[in-house]
Amino acid sequence: MMTSPTIGFIGLGAMGWPMAARLAPGHRLFLFDIDVGHAERFAGQVGGVAAHSVAKLAAASDIVITMLPTSREVEAVLTGADGVLEHCRKDLLIIEMSSGAPQQTKLLGLQAADAGCCMIDAPVSGGVPRARTGELSIMVGGSATDIARAEPVLKQMGSTILITGALGSGHAMKALNNLVSATTLLATVEAVLIGRQAGLEPARVVDILNVSTGMSNSSQKKLHQFVLSGAFNSGFSLDLMVKDVNAAMAIVNEHRVYAPISIRCAEIWQEAARVLGPGQDHTAVAKAVEMLGVISVETA
């Protein structure tokens, strides 16, 4: 009988915690978070071993999963003096599940290969609720051999595994997905504001969109829950959305694609970040749209 691989999981944030929890049954887990106490709490509540350094985690693991805010943090934990690549076992498989920058991911893959390791990128979509239930969509880039090795682990976290191509293509697809999501949220908020100005009740606008061709993930899962309620607490930050939209813009610029809607979307999100400041939920972009206009988006 095959032995389950030992997994090192780096990054126990809003998404990382429930994703790692899906792996706890059946795997020996080593856990690292910049907040050491957070890793210790996970170990106490869910299971696994809190590693007090990335080096110790890497040395103990067959597979290392990174779930971090940006490629900058991923590079730090992989390539630093105490990082994964300096202390890993040969043939370690790195599964990079952050929403990273495709070009940076490709460079990190080359460094991993130089260290005798393999790397795939496997960003996710579905948010915290689907992370908890193991129903994430996972976009996977890398060699067929490495993806096949990762697949049993990925299937514990996601119900839909989508192979996108070579290393970096998963992160490219994730950036494009979030670009569409960002654009749709802006368009839906604008429709609600326009409707209110025309005498329509905002909640009614959303209800009708949700049974019509204007329906989207934003209208179904964000407008009532986080925007019209005034809660603005979906669990995904505005700063990270701007980062993902900027990653999509880097692809646009690299390939010199005509993309006026996407460019304007990026400008609005960047302006929202400037107006609102750091630490906001991404659904608070509606507040920025309101601040730039004269109409309140909330029902209260």
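Everything here concerns the structure above.
A quick note: this is a predicted structure, and the numbers were derived from the prediction, not measured.

Caption draft 1: How the structure looks around the overall build of the chain. On a plain count of helices and strands, the chain comes out with 15 helices and nine strands. Computed over C-alpha atoms, the radius of gyration of the chain comes to 20 Å, within 12% of the 19 Å expected from 2.2 N^0.38 for 300 residues, which places it in the range of a compact globule. For the chain, the spread of C-alpha atoms along the three principal axes comes to 65 × 45 × 35 Å. Contacts spanning at least 24 positions in sequence make up 65% of the contacts within the chain whose residues lie at least 6 apart. With the model as given, the accessible surface of the chain reaches about 13,800 Å², and the carbon-plus-sulfur share is 57%.

Caption draft 2: Structural detail: the layout of surface pockets. The volume enclosed by the largest pocket comes to roughly 1,400 Å³. Along its surface, the largest pocket is lined by 49 residues, and Met 15, Gly 127, Val 128, Gly 235 and Phe 236 are the ones closest to its centre. Those elements that provide at least two residues to the lining of the largest pocket are helix 4 (71-79), strand 7 (124-125), helix 7 (127-133), helix 9 (169-197), helix 11 (217-221) and helix 13 (238-255). Broken down by element, the lining of the largest pocket gets its largest block of residues, six residues, from helix 9. Among the residues making up the lining of the largest pocket, the classes are represented as 21 nonpolar, 19 polar and nine charged. The space that makes up the second largest pocket amounts to roughly 190 Å³. Looking at the second largest pocket, the residues that line it are Ala 101, Pro 102, Gln 103, Lys 106, Gly 168, Ser 169, Ala 172, Ala 247, Ala 250, Ile 251, Glu 254 and His 255. It is helix 13 that provides the largest number of residues to the lining of the second largest pocket, a total of five residues. Broken down by class, the residue content of the lining of the second largest pocket amounts to six nonpolar, four polar and two charged.

Caption draft 3: Representation of helix 10 (residues 202-209) within the structure. Listing the buried residues of helix 10 in full gives Pro 202, Val 205, Val 206 and Leu 209. For helix 10, the buried positions fall inside an angular range of 95° around the axis, keeping them on one side. For helix 10, the elements touching its buried residues are helix 9, helix 11 and helix 12 (223-228).

Caption draft 4: The pairing of strand 9 (residues 158-165), seen in detail. Here strand 8 (residues 136-141) pairs with strand 9 via six bridges, running parallel. Counterpart to Ile 138 in the pairing with strand 9 is Ile 161. After leaving strand 8, the chain enters helix 8 (residues 144-157) and then returns to the sheet as strand 9, a path that is right-handed.

Caption draft 5: Structural detail: the nonpolar core. Formed by 37 residues in total, the largest nonpolar core has its most connected members in Leu 186, Val 189, Leu 223, Leu 238, Trp 269 and Val 285. Among the secondary structure elements, those contributing two or more residues to this core are helix 9, helix 10, helix 12, helix 13, helix 14 (260-276) and helix 15 (285-292). Core analysis: the next-biggest nonpolar cluster, separate from the first, contains 33 residues, Met 97, Val 128, Leu 136 and Met 157 among them.

Caption draft 6: Here's a closer look at the pairing of strand 5 (residues 93-96). Here strand 5 shows no split at all, with Leu 93 and Ile 95 on one side and Ile 94 and Glu 96 on the other all buried. In this sheet, strand 5 lies alongside strand 4 (residues 63-66) in parallel orientation, the contact comprising four bridges. Paired with Ile 65 across the bridge in strand 5 is Ile 95. Relative to strand 6 (residues 118-121), strand 5 runs parallel, the two sharing four bridges. Bridging from a neighbouring strand, Leu 93 pairs with Cys 118 of strand 6.

Caption draft 7: View of helix 6 (residues 102-114). Over its 13 residues, helix 6 runs 19 Å from end to end, which matches the ideal 18 Å to within 8%, given 1.5 Å per residue. Here helix 6 has its buried residues at Pro 102, Thr 105, Leu 108, Gly 109 and Ala 112. One face of helix 6 carries all of its buried residues, which in axial projection span an arc of 115°. In helix 6, the exposed positions that point more than 90 degrees away from the buried face belong to Leu 110 and Asp 114. Lining the buried residues of helix 6 we find helix 4, helix 5 (84-87), strand 5, strand 6, helix 9 and helix 13. Once helix 6 finishes, Gly 116 follows within two positions and takes phi at roughly 85°, a positive value.

Caption draft 8: Seen up close, the environment of Val 242. Note that Val 242 resides in helix 13. For Val 242, a relative accessible area of 11% translates into the label buried. Spatially, the C-alpha atoms of Val 242 and Asn 178 are 9.4 Å apart, while their sequence positions differ by 64 residues. Every residue in contact with Val 242, bar those within four places of it in the chain, is listed here: Trp 269, Gln 270 and Ala 273.

Caption draft 9: Up close: unusual backbone geometry. Positive phi, close to 50°, is recorded for Phe 232, a residue that is not glycine. Position of Phe 232 relative to the elements: it lies in the loop between helix 12 and helix 13. Although it is not a glycine, Arg 256 adopts a positive phi angle of roughly 55°. Its location among the elements puts Arg 256 in the loop between helix 13 and helix 14. Here Arg 256 falls in the exposed class, since its relative accessible area comes to 78%.

What counts, and where the lines are drawn
- Residues numbered from 1 in each chain as written.
- Predicted model: local features only at pLDDT ≥ 70, side-chain atom pairs only at ≥ 80, totals over all residues.
- Heavy atoms only, no water.
- Helix = DSSP H or I, 4+ residues; strand = E, 2+ residues; numbered from the N terminus.
- Rg over C-alpha atoms; globule rule 2.2 N^0.38 Å.
- Contact = heavy atoms within 4.5 Å.
- Areas by Shrake-Rupley, 256 points an atom, 1.4 Å probe, with all protein chains shown as cover.
- 1 Å grid on protein atoms, 1.4 Å probe; cavity = no way out; pocket = protein on both sides within 12 Å on 5 of 7 lines; lining within 4 Å.
- Points joined across faces, edges and corners; volume = space filled by probe spheres on them.
- Nonpolar A, V, L, I, M, F, W, Y, C, P; charged D, E, K, R; others polar.
- Buried < 20%, exposed > 50% of the residue type's maximum accessible area, 1.4 Å probe, protein only.
- Arc of directions from axis to C-beta.
- Pairing = 2+ DSSP bridges.
- Right-handed = clockwise from strand over helix to strand, strands pointing away.
- Core = buried A, V, L, I, M, F, W, Y, C linked by side-chain atoms within 4.5 Å.
- Expected span 1.5 Å × (residues − 1).

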